Amino acid sequence: VQPPSTQPAVAPKNRRVRLPKPYRLWAVQALTAIGGLWLIHWGLHQSLQHVNDVIRFVFRWPFQLQGFRVFERPHLGLVFIAGVAVMLASPWVLDRLLGGWYQQNRLSSRVLQQHHTEVLRLLRRVCRQRQWQLPELRLIPSAVPICFSYGWSPRTVRIVVSQGLLDTLTDEELSALYAYELAHVANWDLPVLSGLVVLLCLLYSGYWHLARWGDDRQNAWLRWGSGVVASILYGLFWVLHKVGLWLSRLRGDYCDRTALDLFPYPEQYQHLLLALTRQISADMKQRGHLHPLLGSFDLLMPLSSRQAISPGSFIEQVTISRLVAEDCLNPYRYWLMANNSHAILGERLLAFERWANQWRIPA
């Protein structure tokens, strides 16, 4: 079903969504923050103790060093202060990282006014209703299909979209995309993940660039050394990424409903999810690897890049109903999604279908 050419700027009054209470989401955010800080503190404490063990082993003759006493003490208070500082500074840190590595720049409202009028109208309507100032809109001049938001309050939030999505999505799909990102702002679910993604971005980018640098070296020792360090960086990324999975899945469930309250056109969210699935899979097939942006910011995206690769590769050969059936009827689906950062794609499509049926919209 092709999306309609235009959507009214004001939502129909009969399309109302009962929003879930935010207490569970806030509790999971707190648990994620506590778990992440404890894990970082434990890793730091163990590493410093091993440094002391190495010092004692190496310098045991002719004189014996006992190491540094400060390395034996717990540093939970320091880790907590550093974690809060990273969370508060995350918008500006990610601005610098994305600007330096991927040439991220501002997306002016004038550009949206010229090419995507309905999208700008949606942004202004939601911000006026919520008494927010218009969030900073950012653009990554790349064909990679990526979109996400980061920040810790409506004043500091940045909504990032790539040029590839601006060029390929319809105005209705872009409206659904920006409504979904605004739903994260409305639910206040960005602070913890924004701070966590700063570390994930540094670790994954370090692993990525070091691994590629090592592949180009002729010296075997350089290749071996860079491979070891890159593996350590990816291991740290993998562990920290697991810390945010529960929060990422839960906030996705909340935002699917909140986004419908902001832009009540469930068929457009279906089109958006399917378009992202196709484009992420096509991008990886063309490059031969997962783009580091998709790997670093997986937790913040509306759809997991890793979950999109498989269905996106065969979605043109099977019907959408078959895809939904495979996801919703697989008896092992909840075990298989243990490492997923987002809910099952087929179940999300079916949930939007139920809302469309309730509102008597063809979807």
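Here's what I pulled together on the structure shown here. (Residues numbered from 1 in each chain as written. Predicted model: local features only at pLDDT ≥ 70, side-chain atom pairs only at ≥ 80, totals over all residues. Heavy atoms only, no water.)

**A word on the packing of helix α2 (residues 76–102) against helix α7 (residues 191–215)**
As a reminder, the rule being used: What counts as an axis is a line fitted to C-alpha atoms, over the stretch in contact for a helix, and the angles between N-to-C directions run from 0 to 180 degrees. Runs of H or I in DSSP of at least four residues are treated as helices and runs of E of at least two as strands, each being numbered from the N terminus. For classification, angles of less than 35 degrees are called roughly parallel, those exceeding 145 degrees roughly antiparallel, those between 65 and 115 degrees roughly perpendicular, and all remaining angles oblique. Two helices crossing with the near one rotated counterclockwise from the far one by less than a right angle form a left-handed crossing, whereas a clockwise rotation gives a right-handed crossing. Here, two residues are considered to be in contact whenever any of their heavy atoms come within 4.5 Å of each other.
Interhelical geometry of α2 versus α7 gives an angle of 40 degrees and a closest axis separation of 8 Å. Of the possible angle classes, the one that applies to α2 and α7 is oblique. Pair α2 / α7 crosses with left-handed handedness. Residues Val 86, Met 87, Ser 90, Val 93, Leu 94, Leu 97, Trp 101 and Tyr 102 of α2 form the contact with α7, whose own contacting residues are Pro 191, Val 192, Ser 194, Gly 195, Val 198, Cys 201, Leu 202 and Ser 205.

**Quick notes on the sheet that holds strand β4 (residues 158–162)**
Hydrogen bonds between backbone groups are what pair the strands of a sheet, and the pairing can be parallel or antiparallel. Stated formally: Strands were regarded as paired on the criterion that DSSP finds at least two bridges between them.
If you trace the 4 strands from one edge of the open sheet to the other, you get β1-β2-β4-β3, paired in mixed fashion. Strands at the two margins of the open sheet, each flanked by one partner only, are β1 (105–106) and β3 (147–150). Across 2 bridges, the pairing between β1 and strand β2 (residues 136–140) is antiparallel. The residue bridging Arg 106 from the neighbouring strand is Arg 138, located in β2.

**Brief notes about the packing of aromatic side chains**
Just so we agree on the cut-off: Aromatic pairs are defined between Phe, Tyr and Trp rings, using the six-membered ring for Trp, whenever the two ring centres lie within 6.5 Å; interplanar angles under 30 degrees are classed as stacked, those over 60 as edge-to-face, and all others as tilted. A simple rule labels every residue: compare its accessible area, found with a 1.4 Å probe on the protein chains alone, to the largest value its type can have, and call it buried under 20%, exposed over 50%, or partly exposed in between. In this analysis the charged atom, NZ for Lys or CZ for Arg, is taken to sit over a ring once it is within 6 Å of the ring centre and within 35 degrees of the ring normal.
Per the counting criterion, the structure on display carries 14 aromatic pairs. Here Tyr 207 and Tyr 234 contribute two aromatic rings whose centre-to-centre distance is 4.9 Å and whose plane-to-plane angle is 55 degrees, an arrangement assigned as tilted. You can see Tyr 207 sitting in helix α7 and its partner Tyr 234 sitting in helix α8 (residues 220–243), a full 27 residues away along the chain. The partly exposed category is assigned to Tyr 207, whose relative accessible area is 23%. According to the relative accessible area criterion, Tyr 234 is partly exposed, its value standing at 31%. Consider the rings of Tyr 269 and Phe 352, whose centres lie 5.2 Å apart with planes at 10 degrees: the pair is stacked. Of this pair, Tyr 269 sits in helix α10 (residues 266–287) while Phe 352 sits in helix α15 (residues 345–358), and the two are 83 residues apart along the sequence. Accessibility assignment for this pair places Tyr 269 and Phe 352 in one class, buried. It is Arg 158 that lies over the ring of Trp 92; its NZ or CZ is 5.5 Å from the centre.

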